[in-house]
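# A structural walkthrough
This is what each chain is made of:
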Amino acid sequence: MFKVLLVDDEPSLRLTLTEFLKRAGYEVFAAADFQSALLLRDNSFDVAVIDINLPGRSGIELLQAINSRETYVPVIMITGEPNLSVIPEIVRAGAYDFLAKPVVKEVLLKAVGRALEKKLLSAEKERLELEIKQRAADLEVRVAERTAELVEAHDRLAHNGRVAALGRVAAQVAHEVRNPLFSLLLYSTHLKEELAGKLPANQLEIVDNIIDTINQLSSTTEQILDFARPVRLALKPVDLNYVVNSVLKLLHAQISANGVTVQFDHGDSNPTAMLDEACIRAALLNLLLNAVEAMPTGGILSISSTTAADMLTLVIKDTGSGMSEERLKKIFEPFNSDKASGLGLGMPYAKKIIEEHAGNITVESRVGEGTRVSISLPVEKELK
């Protein structure tokens, strides 16, 4: 039921108009003056019918007060004096319509009906404007999200392109160096055999140092070539917990030497997925070795594995020295290492292997608080 505010100081007219409106199906709230009408304003009227001449403050002032409200209410003004000079003032005050006394029932109901249509159209307009505003805001959010995704994808492609180009160059250099290194190793080994028994042990030690250096260089070239080679996954069901335990056994000596305590939470799930066991083992070896080396004076290495829906998650945390934000940004860039003897290929290689499995790897770190590596892998992945 629509609500009508009726304000007129003549009791008989007020009663008559109220009856007209009630019989037409409206809920009517009647008032005799400005103050009484203000007390009724909180009833959320749909239409107001107001006499211009009210005791105390005028009907035009009440019109202005109603129009100052946030919600639009069409106001019909009633005048007993057909004075055309007040019409501009009524219009400026925001009146929707005006009626001259004596007020005829049909004229009143038609005016209120038109005002009500105006009210409904105004409310619908506000609703549509709000809906458009909300949709525009939602669209801006989606555009911003999509733009961020595109920027991230572009940066990832650019990064992968730089990594691929750098890998090709490094692989070419390593390939050119590998054969001469192999020849040097043969010559040095032959030289050691020829000089055995002819030179004192301290001089033969020089030859041993040459051989060790050549072996180190050969190992470096093999690491570069391994990183640059395309990955061909041989997928099969693999228990990730088994792989983690086997890598921890390989690192047992270094874990003990550094005084690191290992906490492995296997969870209640069975973390089995379609993986290339050798590749995942190599990736985890790099990640766990980094964690152990980050704690040279002891600490806690925490590992946890969980399975949820179609994803397998492995989290590796250490209590080491952590990394700066600047260092963290470059963690997956090849040949970018802060280790004196490192090539900086461990983390890029791990990322490469995990992404080849359609997985994801993220690293969080703070200086003095340690590092957290999170790996997500799909439980099932088809061969390409």
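Shown above is the structure to which this text applies.
Residues numbered from 1 in each chain as written. Predicted model: local features only at pLDDT ≥ 70, side-chain atom pairs only at ≥ 80, totals over all residues. Heavy atoms only, no water.

Inspection of the secondary structure assignment puts Lys119 in helix 5 (residues 105–195). Of the side chains with opposite charge, Asp46 comes closest to the buried, unpaired Lys119, at an N-O distance of 4.8 Å. Leaving out residues up to four positions away in the same chain, Lys119 has contacts with Phe45, Asp46, Thr71, Tyr72, Val73 and Pro74. (Helix = DSSP H or I, 4+ residues; strand = E, 2+ residues; numbered from the N terminus. Buried < 20%, exposed > 50% of the residue type's maximum accessible area, 1.4 Å probe, protein only. Lys, Arg positive; Asp, Glu negative; His and termini not counted. Salt bridge = Lys/Arg side-chain N within 4 Å of Asp/Glu carboxyl O. Contact = heavy atoms within 4.5 Å.)

Of the two faces of strand 8 (residues 272–275), only the one carrying Ala273 and Leu275 is buried; Thr272 and Met274 on the other face are not. Where strand 6 (residues 236–239) lies against strand 8, four bridges are found, and the strand directions are antiparallel. Each bridged residue has a counterpart across the sheet, and for Val238 the counterpart in strand 8 is Ala273. (Pairing = 2+ DSSP bridges.)

So, on to the packing of helix 7 (residues 240–250) against helix 9 (residues 277–293). Contact geometry of helix 7 with helix 9 gives a least axis separation of 10 Å together with a crossing angle of 50°. Considering their axes alone, helix 7 and helix 9 lie oblique with respect to each other. Relative to helix 9, helix 7 is oriented so that their crossing is right-handed. The residues of helix 9 that touch helix 7, namely those facing Leu240, Tyr242, Val243, Val244, Ser246, Val247 and Leu248, are Glu277, Ile280, Arg281, Leu284, Leu285 and Leu288. Residue composition of the contact of helix 7 with helix 9, grouped by class: ten nonpolar, one polar and two charged. (Axes fitted to C-alpha atoms, helices over the stretch in contact; angles between N-to-C directions. Parallel < 35°, antiparallel > 145°, perpendicular 65-115°, else oblique. Left-handed = near helix turned anticlockwise from the far one by under 90°. Nonpolar A, V, L, I, M, F, W, Y, C, P; charged D, E, K, R; others polar.)

Let us now look at the sheet that holds strand 10 (residues 311–318). Reading across the sheet, the five strands line up as 7-9-10-12-11 and stay open at both edges, with mixed pairing between neighbours. Two strands lie at the open edges of the sheet, namely strand 7 (260–265) and strand 11 (360–366), each paired on one side alone. For this sheet, the mean angle separating the axes of adjacent strands, direction not counted, is 10°. Pairing geometry for strand 11 and strand 12 (residues 370–378), over seven bridges, is antiparallel. Bridge assignment links Thr362 to a residue of strand 12, and that residue is Ser374. Sitting on the sheet, helix 7 is in contact with strand 7, strand 9 (299–308) and strand 10, with an inclination near 170° to strand 7. Sheet strands in contact with helix 11 (residues 346–356) are strand 11 and strand 12, and its direction is about 145° off that of strand 11.

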